[in-house]
Amino acid sequence: MTVAQQIITIGAVVLGTVITRSLPFLIFPAGKETPDFIKYLGRVLPPAVFGMLVIYCLRNVDFLSGSHGAPELIAIAAVTLLHVWKRQMLLSIAGGTIIYMFLVQTLF
Amino acid sequence: MQKDNVKLKALKAAFPHTIPILAGFLFLGMTYGIYMNVLGFSFIYPLIMSITIFAGSMEFVAAEFLLGAFDPIKAFLMTLMINARHLFYGISMLDKYRGTGLKKPYLIFGMCDESFSINCTAEIPEDVDKGWFMFFVTLLNQIYWVSGAVLGGVFGSFIHFNTEGLDFVMTAMFVVIFLEQWLKSSDHKSELIGLGLSVLSLIIFGADGFIIPAMAGIFAVLTLMGASEGHKKAVKSF
């Protein structure tokens, strides 16, 4: 690939990303009243989206072979327990990550 | 002077929210820089790509595009598919990004998974300017990501300490945000729909193709629920 072709390729990726991020704002501009249905979606989507994002992070975990996703499940359980117990965001995230690193580096 | 105070206050309020991302993005950004380095690209590539694309997983895929045959249409269409989840972020942020003035284009441009997550859920103190808060969250995240990518691209081959598993910091953050949503809501319908349909879609379509069917399913079920609730309300008011 020539440098010009590389620039065009990167440009295509930038354009695609910008479109997915800006499209809702272009279709429903701030100046106009947003339809009730879209307002409803804006309210109920985030909790569903975060469920989807958690699964997105785990999409490449192999539950059928290898460690069967045990380090991931144990670490997520630890994050959940820590968070319900202390409700300290950084503590839950750091605690879960340290447990996960320990698990994949030593036990699994 | 007054204006600078507003910005500084927003920056101070925003920074603690971005600490997990500081750890995650420096690490993942470095992984990306090292990956590019191993593929034979100068650090200029991760530098420019992390600034202009600023979508983590997409930048890894873009590296593959650069190595393959020249096909910008394919690159464009694949980007739309991989990043389709951003459409949901935009719909969720229509209200929150309203009235942010000149900062709005950057807020939208920089709306990666992590910036969206914080800006969507953070409880911003009353006396902090919301627009600047969200601006600094987005900017700090991008600075972390670009710094990681460049560090990885320049020093990639010299780094030898055991970081295996550090990338879990991003998963942990999304789990915590999901839990926060769960603990705050009275019924857990949306959470369960998002989680359940994504798992179902992942089992059926596999890791590379599950996002779009999952989004379609979530959209359909939430729409039906909204319609039936609207119906109930209409009956009630009648």
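As shown above, the structure is provided for reference.
Not measured: the values here are computed from a predicted model.

### A few points about the overall build of chain A
Okay, so step 1: Scanning chain A from N- to C-terminus turns up four helices and zero strands.
Okay, so step 2: Listing each helix as α and each strand as β along chain A from the N terminus yields α-α-α-α.
Okay, so step 3: Here chain A has a C-alpha radius of gyration of 21 Å; the compact-globule value for 108 residues is 13 Å, and the former is much larger.
Okay, so step 4: Considered along the principal axes of its C-alpha atoms, chain A spans approximately 50 × 50 × 30 Å.
Okay, so step 5: Relative to all contacts within chain A whose residues are 6 or more apart in sequence, the contacts with residues 24 or more apart total 30%.
Okay, so step 6: Carbon and sulfur atoms make up 70% of the accessible area of chain A, which amounts to about 5,500 Å² in all.
Okay, so step 7: Each charge class in chain A was averaged separately, 7 positive and 4 negative side chains, and the resulting centres sit 9 Å apart.

### A short note on the layout of surface pockets
Okay, so step 1: Taken as a whole, the largest pocket holds about 1,200 Å³ of empty space.
Okay, so step 2: Counting residues per element, the ones that place at least two in the lining of the largest pocket are helix H2 (36–57) of chain A together with helix H2 (19–39), helix H4 (56–67), helix H5 (72–82), helix H8 (113–121), helix H10 (168–184) and helix H12 (211–237) of chain B.
Okay, so step 3: Residues of the lining of the largest pocket, tallied by class, amount to 24 nonpolar, six polar and eight charged.
Okay, so step 4: Two domains share the lining of the largest pocket, each providing at least three of its residues, namely domain 1 (2–183) and domain 2 (185–238) of chain B.

### A short note on H2 of chain B
Okay, so step 1: Helix length check: H2 of chain B, at 21 residues, gives a terminal C-alpha distance of 30 Å against a target of 30 Å (1.5 Å per residue), a fit within 8%.
Okay, so step 2: Pro-20, Ile-21, Gly-24, Phe-25, Phe-27, Gly-29, Met-30, Tyr-32, Gly-33 and Met-36 of chain B are the residues of H2 of chain B that are buried.
Okay, so step 3: Taken together, the buried residues of H2 of chain B touch helix H4 (89–107) of chain A together with helix H3 (44–52), H4, H8, helix H9 (130–155) and H10 of chain B.
Okay, so step 4: A positive backbone phi angle near 100 degrees is found at Gly-40 of chain B, which sits one or two residues after H2 of chain B.

### A few points about the environment of Met-36 of chain B
All names here are of chain B.
Okay, so step 1: Note that Met-36 resides in helix H2.
Okay, so step 2: Distance from Met-36 to Glu-64, taken between C-alpha atoms, is 9.8 Å for residues 28 residues apart in sequence.
Okay, so step 3: In this structure Met-36 touches Phe-41, Tyr-45, Pro-46, Met-49 and Ala-63, once residues within four positions along its chain are discounted.

Reading the values: rules and limits
- Residues numbered from 1 in each chain as written.
- Chains lettered and ligands numbered in written order.
- Predicted model: local features only at pLDDT ≥ 70, side-chain atom pairs only at ≥ 80, totals over all residues.
- Heavy atoms only, no water.
- Helix = DSSP H or I, 4+ residues; strand = E, 2+ residues; numbered from the N terminus.
- Rg over C-alpha atoms; globule rule 2.2 N^0.38 Å.
- Contact = heavy atoms within 4.5 Å.
- Areas by Shrake-Rupley, 256 points an atom, 1.4 Å probe, with all protein chains shown as cover.
- Lys, Arg positive; Asp, Glu negative; His and termini not counted.
- Charge placed at Lys NZ, Arg CZ, Asp CG, Glu CD.
- 1 Å grid on protein atoms, 1.4 Å probe; cavity = no way out; pocket = protein on both sides within 12 Å on 5 of 7 lines; lining within 4 Å.
- Points joined across faces, edges and corners; volume = space filled by probe spheres on them.
- Nonpolar A, V, L, I, M, F, W, Y, C, P; charged D, E, K, R; others polar.
- Domains from an automatic or database assignment.
- Expected span 1.5 Å × (residues − 1).
- Buried < 20%, exposed > 50% of the residue type's maximum accessible area, 1.4 Å probe, protein only.

By themselves, these observations are geometric and do not establish any function.
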